[in-house]
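Structural description and commentary
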Amino acid sequence: MKVHILLGPPGCGKGTQAKRLVEKRSLIHLSTGDILRDAVSKGTEVGLRAKALMASGKLVDDSTVNGIVFARLQDETGDVLFDGYPRTLFQAESLQTFLSSQGITLGFVMDIEIQEQELEARVVNRRVCGNNTCGAIYNLNTKAPRVDGVCDLCGGNLKHRADDTTEAFRIRMVEFNKTFQPLQAFYKGMSNYRYVEGSRPPDQIHDQLVKLFQEQA
Ligand code: AMP
């Protein structure tokens, strides 16, 4: 079993790329954002703790997120692709310790980098299919659905995430800039770290990531 990681700021395309990659490779997509949003919508104890933090754009505390992730990893047997985790150096170090203790290998760390100016428009115009089994991602400017508010793939209702507003996005970027540098430094020296230029069209990025996995096979 291996775990692969997608790093990068909000709106860089982690979710989009993760969804496309898991269709091609047999990977389990683990988005801590999706898991937490599900907990919020179900009103679980974790969800109640996370709700206001997430809506405002703040990070959820490390021990809650690590707890969710480690519980999930213990249940999985296939290779995993993380999207949105780890987000802090503490999470990265804890994950490394956990992986070593379980004999799980760290696979690729794909760092999608993009200019901050491009991100806000992407996030504010993002719409996501509310059907959990679909979760397709749209952008009103660059990838609009055929019918307003309706998912092309499953007919589900498209949602505007509570934290995809200008105000919350700015706080998310503050959080990202506070935590990212040490996190990136932790992985950058490793042989399986890959820089990915994120301002290119999604198809090109997808092709690069697929090639990366093919070369490893
Ligand atoms: P995302 O869907 O990855 O953009 O995450 C949405 C929100 O969920 C973030 O702004 C945080 O509030 C929370 N979240 C997701 N992943 C993490 C994480 N690894 N650490 C802390 N908070 C997280």
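Before any of the text, the structure's been laid out above.
Residues numbered from 1 in each chain as written. Predicted model: local features only at pLDDT ≥ 70, side-chain atom pairs only at ≥ 80, totals over all residues. Heavy atoms only, no water.

1. What about the nonpolar core?
Counting residues in hydrophobic clusters, the biggest one holds 48 residues, and the most contacted among them are V3, I5, L73, F82, L95, M110 and Y187. At six residues, the largest contribution of residues to this core is made by helix α7 (residues 166–188). Beyond its immediate chain neighbours, meaning those up to four positions away, Y187 contacts I5, L7, P86, A92, L95, L106, V109 and Y193. Listed in part, the six residues of the second largest apolar core include C129, A136, Y138 and C151. (Core = buried A, V, L, I, M, F, W, Y, C linked by side-chain atoms within 4.5 Å. Buried < 20%, exposed > 50% of the residue type's maximum accessible area, 1.4 Å probe, protein only. Helix = DSSP H or I, 4+ residues; strand = E, 2+ residues; numbered from the N terminus. Contact = heavy atoms within 4.5 Å.)

2. Structural notes on helix α4 (residues 62–75)
Structurally, the α-helix is built with 3.6 residues per turn, so residues lying three or four positions apart point the same way. Here α4 is 14 residues long and its end C-alpha atoms lie 20 Å apart, about the 20 Å a rise of 1.5 Å per residue gives. Along α4, the positions that sit buried rather than exposed are T64, V65, N66, I68, V69, F70 and L73. (Expected span 1.5 Å × (residues − 1).)

3. Overview of the sheet that holds strand β4 (residues 105–113)
If you walk across this open sheet you meet the five strands as β2-β3-β1-β4-β8, and the pairing is parallel. Pairing within the sheet leaves two strands with one partner each, and these edge strands are β2 (28–31) and β8 (193–197). Averaged over all neighbouring strand pairs, the angle between strand axes comes to 20°, with direction disregarded. Sheet topology note: the strand β1 (residues 2–7)/strand β3 (residues 80–83) ladder contains four bridges and is parallel. Pairing of L6 across the sheet is with D83, part of β3. (Pairing = 2+ DSSP bridges. Axes fitted to C-alpha atoms, helices over the stretch in contact; angles between N-to-C directions.)

4. Looking at the packing of aromatic side chains
The way to describe two aromatic rings as a pair is by their centre distance and the angle between their planes. Within this structure, the stated rule accounts for five aromatic pairs. Taking 4.4 Å as the distance between ring centres and 0° as the angle between the ring planes, the aromatic pair formed by F70 and F98 counts as stacked. Placement of F70 in helix α4 and of F98 in helix α5 (residues 89–102) is noted, with a sequence separation of 28 residues between them. Accessibility expressed as a relative area gives 11% for F98, which makes it buried. Note on F108 and F213: the rings are 5.2 Å apart at their centroids and 75° apart in plane angle, and the pair reads as edge-to-face. (Phe/Tyr/Trp six-rings, centres within 6.5 Å; stacked < 30°, edge-to-face > 60°.)

5. Notes on the site of the ligand
T32, K58, G84, R87 and Q91 are the nearest of the 16 residues found near the ligand. One nitrogen or oxygen atom from the side chain of Q91 is found 2.9 Å from a nitrogen atom belonging to the ligand. Side-chain polar atom of R172 to an oxygen atom of the ligand: 3.4 Å apart, as the coordinates give it. Burial of the ligand by the protein amounts to 96% of the accessible area it has alone, namely 480 Å². The element that contributes the greatest number of residues to the shell around the ligand is helix α2 (residues 32–42), accounting for four residues. The residue makeup of the shell around the ligand, split by class, is six nonpolar, four polar and six charged. (Near = heavy atom within 4 Å. Polar contact = N/O pair within 3.5 Å; in protein donor to acceptor, adjacent residues only side chain to side chain. Areas by Shrake-Rupley, 256 points an atom, 1.4 Å probe, with all protein chains shown as cover. Nonpolar A, V, L, I, M, F, W, Y, C, P; charged D, E, K, R; others polar.)

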